[in-house]
Amino acid sequence: MLDIQAIRADFPILTQTVNGKPLVYFDNAATSQKPKVVIDAISNYYNTINANIHRGVHTLSQLATDAYEISRQKIQKHINAKHSFEVLFTSGTTHGINLVASGFGQFIKAGDEIMISAIEHHSNIVPWQMLCERTGANLVVIPMNDKGELIIEEFEKLLSERTKLVSVNHISNALGTINPIKHIIDKAHAVGAAIFIDGAQAAPHLAIDVQALDCDFYAFSGHKMCGPTGTGILYGKEEWLNKLPPYQGGGEMIKEVTFAKTTYADLPHKFEAGTPNIAGGIVLGTAVDYLNSIGLDNIQAYEHELLEYGTQKLLEIEGLTIVGTSAHKTSVISFNLDGIHPYDVGTIVDKMGIAVRTGHHCTQPIMDAFCIPGTIRASFAFYNTKEEIDALVTAVLKAQRMLG
Ligand SMILES: *Cc1c(COP(=O)(O)O)cnc(C)c1O
């Protein structure tokens, strides 16, 4: 059992009032709040060991390099990657997807297929569309049912020897659906396709084991899992990272440069051109330590309790519809009130100190499929409480009275 009050005390921002009301932060799927250990680790880095990494022989540079590489190893262990050089620091999930989509053109010809799903974030749509435009490949979309679940029989029918890569999210940011990714990975491999998992919504909530999953790529963002913005991880299997060309050219990613020819550095540096977000990378390790000190299994169990409580309480409101009703969901509730625009609800609940997201959540195709302009999305983290959900219900009822 988690001591939620003790956990809340780790997050300085949660003691604030917003618009004169205690802050209720339910926009965790957009970005999580940061515990004090993470905030302090950033200033500690700049106060004590700030230097550029992998270059200097001087002591601070050594210390910064060591801290950066220790963080990489921590994250390797956290996701159970086989090698630390399979763990690339990125600026976030978007960067990781673009890195692979950019280099993957090398393995694609006209008529090949890249497969995504109906419930992807724009970040996991647009880079693959760009790849298709460059190569003449076709984008194929796994359909969803009216609960917001992927239709797995259709997925299996769409697979063929033309399928070169399948990229799906582990968990949908707009609906909360948890996809059966182990099954999807195995089926993709059975036709010889590579498989990329967008784990942006999974890494904050579940323990991830990339070797057990056997995925070729897995990407996530630091800022959604208590880490700093501008940080992220791309895991890639050694054989794929060796095959893929570098994404950006510059310092740090080279072995030898002459004007005639450049040879590239070994993994992971081949994909880490330029001075990275050193403080961010180090502190992402601090965030991972923090999450592990609470335990992802505990987090998952408690967030599920919040999901069930919130679902039940919100459904008691007449005229409220939940969008995304899979039996396998993380703590995301997307909903609408009959005849009321989501934006108006968001504005009124904000006046009551409650932060929810309104709009299409970077998933316009999902909204189009449900024929809605957007939703109101409440996404819970392990530092949220049932009392806060009660406050949301009160605020939604008030919005309904005012706008209805
Ligand atoms: C947030 C999110 C992204 C994009 O992450 P960035 O941190 O903005 O790069 C991609 N996919 C999903 C499912 C997300 O939730």
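Everything that follows concerns the structure shown earlier in this document.
Given the structure is predicted, the values throughout are model-derived calculations rather than measurements.

A.B. asks: Help me understand the sheet that holds strand β17 (residues 375-379) in this model?
C.D. replies: Each strand in a sheet pairs with its neighbour through backbone hydrogen bonds, running either in the same direction (parallel) or in the opposite one (antiparallel). One open sheet accounts for 4 strands, arranged β13-β14-β17-β16; its pairing is antiparallel. Each end of this open sheet is capped by a strand with a single partner; those strands are β13 (320-323) and β16 (357-359). Averaged over all neighbouring strand pairs, the angle between strand axes comes to 30°, with direction disregarded. Here β16 pairs with β17 via 3 bridges, running antiparallel. Along β17, the bridge assignment pairs Gly 359 with Thr 375. Helix α11 (residues 296-315) rests against β13 and β14 (332-337) of the sheet, and its axis sits at about 10° to β14.

A.B. asks: So what exactly am I meant to see when it comes to the nonpolar core here?
C.D. replies: Generally speaking, a soluble globular protein has its nonpolar side chains buried in company with each other. With 103 residues, the main nonpolar core has Phe 26, Val 166, Tyr 218 and Phe 382 as its most contacted residues. Two domains each provide a minimum of three residues to this core, namely domain 1 (4-30 + 296-403) and domain 2 (39-293). The residues touching Val 166, leaving out its near neighbours within four places in the chain, are Met 115, Phe 155, Leu 159, Ile 184, Ala 188, Ala 193, Ala 194, Ile 195 and Phe 196. Among the nonpolar cores identified, the runner-up in size contains 25 residues, and Ile 97, Leu 99, Ala 194 and Leu 234 belong to it.

A.B. asks: Is there a simple way to explain the pairing of strand β5 (residues 113-117) in this structure?
C.D. replies: If a strand is regular, its side chains alternate between the two faces of the sheet. The buried fraction of β5 is high, at 5 of 5 residues. Burial along β5 is two-sided: the residues Glu 113, Met 115 and Ser 117 and Ile 114 and Ile 116 are all buried. Bridge count for β5 against strand β6 (residues 138-142) is 5 bridges, and the pairing is parallel. For Glu 113, the partnering residue across the bridge sits in β6 and is Asn 138. One ladder, built from 3 bridges, connects β5 with strand β7 (residues 163-169); its direction is parallel. Residue pairing for β7: Glu 113 is matched across the bridge by Thr 163.

A.B. asks: Which parts of the structure should I look at to understand the pattern of salt bridges?
C.D. replies: Between side chains of opposite charge, a pair can form as their charged atoms come close. In the structure shown here, the tally under the stated rule is 15 salt bridges. Between Arg 8 and Glu 388 there is a salt bridge, and its shortest N-O distance comes to 3.3 Å. Here Arg 8, found in helix α1 (residues 4-9), pairs with Glu 388, found in helix α14 (residues 386-403); they are 380 residues apart in sequence, far enough to count as distant. Given a relative accessible area of 6%, Glu 388 falls into the buried group. One connected set of salt bridges, linked through shared partners, spans Glu 69, Arg 72 and Glu 272.

A.B. asks: I keep staring at the site of the ligand and nothing clicks. Help me out?
C.D. replies: Surveying the vicinity of the ligand reveals the residues Gly 92, Thr 93, Thr 94, His 121, Ser 123, Asn 173, Asp 198, Ala 200, Gln 201, Ser 221, His 223 and Lys 224. When isolated, the ligand has an accessible area of 380 Å², and the protein chains bury 86% of it.

A.B. asks: Explain empty space enclosed by the protein here, please?
C.D. replies: Think of a ball as big as a water molecule: rolled over the atoms, this probe shows where empty space is left. Inspection of the entire model under this criterion finds 2 cavities of 30 Å³ or more. By volume, the largest cavity amounts to about 100 Å³. In this structure, the largest cavity is lined by 17 residues; those nearest its centre are Asn 28, Pro 204, His 205, Lys 224 and Ala 381. Residue composition of the lining of the largest cavity, grouped by class: 9 nonpolar, 6 polar and 2 charged. Taken as a whole, the second largest cavity holds about 30 Å³ of empty space. In this structure, the second largest cavity is lined by His 78, Ile 79, Ala 203, Leu 206, Ile 208, Phe 220 and Met 225. Grouping the amino acids of the lining of the second largest cavity by side-chain chemistry returns 6 nonpolar, 1 polar and no charged.

Parameters at a glance
- Every residue gets a number counted from 1 within its own chain, in the order that chain's sequence is written.
- Totals for whole chains, interfaces and linings use every residue, but because this is a predicted model, local features are given only for residues with pLDDT of at least 70 and side-chain atom pairs only at 80 or more, for both listing and counting.
- Each side-chain value is worked out from all heavy atoms of the structure, with water and hydrogens disregarded.
- When DSSP finds two or more bridges between a pair of strands, those strands are recorded as paired.
- Segments assigned H or I by DSSP are reported as helices when at least four residues long, segments assigned E as strands when at least two residues long, and all are numbered from the N terminus.
- In this analysis, axes come from line fits to C-alpha atoms, helices being fitted only over the stretch in contact, and the angle between any two N-to-C directions falls in the range 0 to 180 degrees.
- Throughout, a contact is declared for two residues whenever any of their heavy atoms are within 4.5 Å.
- Definition of nonpolar core: a set of buried residues of the types Ala, Val, Leu, Ile, Met, Phe, Trp, Tyr and Cys, connected through side-chain atoms within 4.5 Å.
- A 1.4 Å probe rolled over the protein chains alone gives each residue an accessible area, and that area as a share of the maximum for its type sets the label: buried under 20%, exposed over 50%, partly exposed in between.
- For the domain bounds, the source is a domain assignment made automatically or taken from a database.
- Salt bridge criterion: a side-chain nitrogen from Lys or Arg within 4 Å of a carboxyl oxygen from Asp or Glu.
- The cutoff for a nearby residue is simple: one of its non-hydrogen atoms must lie within 4 Å of the molecule or strand.
- What sets the accessible areas is the Shrake-Rupley method with a 1.4 Å probe; for residues, cover comes only from the shown protein chains.
- Residues are called lining when one of their atoms sits within 4 Å of a cavity or pocket point, these points coming from a 1 Å grid over the protein atoms alone, where a cavity is a set in which a 1.4 Å probe fits but cannot get out and a pocket is an open set with protein on both sides within 12 Å along at least five of seven lines.
- Grid points are joined across faces, edges and corners, and a volume is the space filled by probe spheres set on the points.
- By the convention adopted, Pro, Cys, Tyr, Trp, Phe, Met, Ile, Leu, Val and Ala count as nonpolar, Lys, Arg, Asp and Glu as charged, and the other residues, Gly among them, as polar.

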